[in-house]
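Read off the chains here:
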Amino acid sequence: MAVIATLLVLLFARDISRAGHGATSPRRSENESFAALSNVMISQENALDTRLSYLLVHGGSLSRQVFAARMAQLQQQLPMLQTEGSRLRRPLLKHNINDTIAQLTEQRIDDYQFLLSAVAANLSMPWATPSNVTPGLSVATAQASLLATSQQWNLARRGLLLEPGHVSLLATTSAVAHLDFAAVMSRLSQSPSLTLTRGIGISAVSVSPAALPAPTGEILLPPTNAVHLGVTVSNASYATQPVTLTIVLTPAGASGVAQRQSMSVTLRPLASYAFVPKILNIAASEHATLTLSLAGAPSGPAMVRSRRYTVVVSPSGNG
């Protein structure tokens with residue numbers, strides 16, 4: 001009986017050992033897969049951290065357009081990182097490491113979003129801040145958060161070293177968190193190539209019916225009782241720019257009544273917009289003064305904010 005009991009214990013121990021080995025293999029595979037995916041994501045985030053830090057320190061030599069394009073490239077990477085962090089929540093691993101990396105990644109993305117928006121605002125650059133950025137953030141709190149989450153992950157990432165697979169997870173960098181942000185922004189805002197220089201102008205004027213040949217500054221029209229205008233205005237700066245166009249047609253005679261129209265629009269950076277005013281009434285043989293004036297910013301390079309024309313309508317030829 002003792003021999004039989006001993007054999008039964010040995011067989012049971014062997015079965016437990018085989019079962020344990022079978023359970024360890026899937027866990028090793030899950031841990032190794034998690035490590036591979038999370039290390040790729042962390043490498044991408046670290047690259048973003050390095051690029052943003054370099055841009056803020058050395059970006060003063062870039063033009064506003066190039067600097068903004070580099071910022072936009074970095075911002076476009078953040079939603080992808082957030083998606084990858086969420087995908088790492090399953091399957092569940094030891095020490096809740098899935099939730100830890102997902103939550104810390106989400107917080108760090110929020111911090112990066114805020115800092116990018118703060119840089120754009122400081123330089124008066126067009127920028128769309130995502131609505132999900134945590135309200136009440138400041139540059140100091142965002143940097144402190146990046147540093148704190150980096151330290152939290154540095155502790156949590158060691159949780160799988162003693163688990164099946166013994167995987168090693170990368171640490172996050174914190175170059176942006178250690179920047180003297182006030183000094184960096186001061187240098188960028190003083191950069192001549194990044195300084196905002198606003199400029200707008202009237203770039204083209206079209207008239208219908210088509211004007212006849214005439215001296216510069218005169219619009220000679222065939223017999224007509226209505227004038228259709230088209231006025232194109234341009235924004236010469238890399239900034240959104242509200243503008244207002246005012247059109248005044250004043251008859252030469254003292255008894256005439258001036259016709260006035262004002263239209264407003266916000267121009268995109270380096271963009272143009274064509275205003276189409278309402279029809280202006282006029283009569284055959286009439287003389288008038290047409291004044292176009294643009295308000296909202298100084299004139300851009302080789303551009304003007306106002307134009308003045310003498311309008312002459314040919315006689316109708318009747319009688």
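Residues numbered from 1 in each chain as written. Predicted model: local features only at pLDDT ≥ 70, side-chain atom pairs only at ≥ 80, totals over all residues. Heavy atoms only, no water.

## Focus on the packing of helix α3 (residues 97-122) against helix α5 (residues 181-189)
Working step 1: Contact pair α3 / α5: the axes reach a minimum separation of 10 Å and the direction vectors enclose 40 degrees. Note that α3 runs across α5; the crossing there is right-handed. When α3 is examined against α5, the residues Leu115, Val119 and Asn122 are found in contact with a partner set consisting of Phe181, Met185 and Ser189.
Working step 2: The class makeup of the residues in the contact of α3 with α5 is 4 nonpolar, 2 polar and no charged. (Axes fitted to C-alpha atoms, helices over the stretch in contact; angles between N-to-C directions. Helix = DSSP H or I, 4+ residues; strand = E, 2+ residues; numbered from the N terminus. Left-handed = near helix turned anticlockwise from the far one by under 90°. Contact = heavy atoms within 4.5 Å. Nonpolar A, V, L, I, M, F, W, Y, C, P; charged D, E, K, R; others polar.)

## Quick notes on the packing of helix α2 (residues 64-87) against α3
Working step 1: Between α2 and α3, the shortest axis-to-axis distance is 10 Å and the interhelical angle comes to 165 degrees. Put simply, α2 runs roughly antiparallel to α3. In this structure, α2 meets α3 at a crossing whose hand is left-handed. Touching Phe67, Met71, Leu74, Gln75, Leu78, Leu81, Gln82 and Gly85 of α2 are Ala102, Thr105, Glu106, Ile109, Tyr112, Gln113, Leu116, Val119 and Ala120, all from α3.
Working step 2: When the residues that make up the contact of α2 with α3 are grouped by side-chain class, the tally is 11 nonpolar, 5 polar and 1 charged. (Parallel < 35°, antiparallel > 145°, perpendicular 65-115°, else oblique.)

## Details of the confidence of the model for the protein chain
Working step 1: Per-residue pLDDT for the protein chain averages 88, and the proportion of residues at 70 or more is 89%.
Working step 2: Every residue in residues 3-22 is under pLDDT 50, and counting partners more than four places away or in other chains gives 0 contacts. (pLDDT = per-residue confidence, 0-100.)

## Description of the side chain of Ser117
Working step 1: Residue placement: Ser117 occurs in helix α3.
Working step 2: Here Ser117 falls in the buried class, since its relative accessible area comes to 11%.
Working step 3: In contact with Ser117, other than residues within four places in its own chain, are Trp127 and Thr129. (Buried < 20%, exposed > 50% of the residue type's maximum accessible area, 1.4 Å probe, protein only.)

## Section: the sheet that holds strand β9 (residues 306-313)
Working step 1: With mixed pairing, the 5 strands of this open sheet are ordered in space as β2-β9-β8-β4-β5. At either end of the open sheet lies a strand with only one pairing partner, and these are β2 (218-221) and β5 (259-267). Strand after strand, the sheet turns through a mean of 20 degrees between neighbouring axes, direction not considered.
Working step 2: Bridge count for strand β8 (residues 287-295) against β9 is 7 bridges, and the pairing is antiparallel. Opposite Ala288, over in β9, you have Val311 as the bridge partner. (Pairing = 2+ DSSP bridges.)

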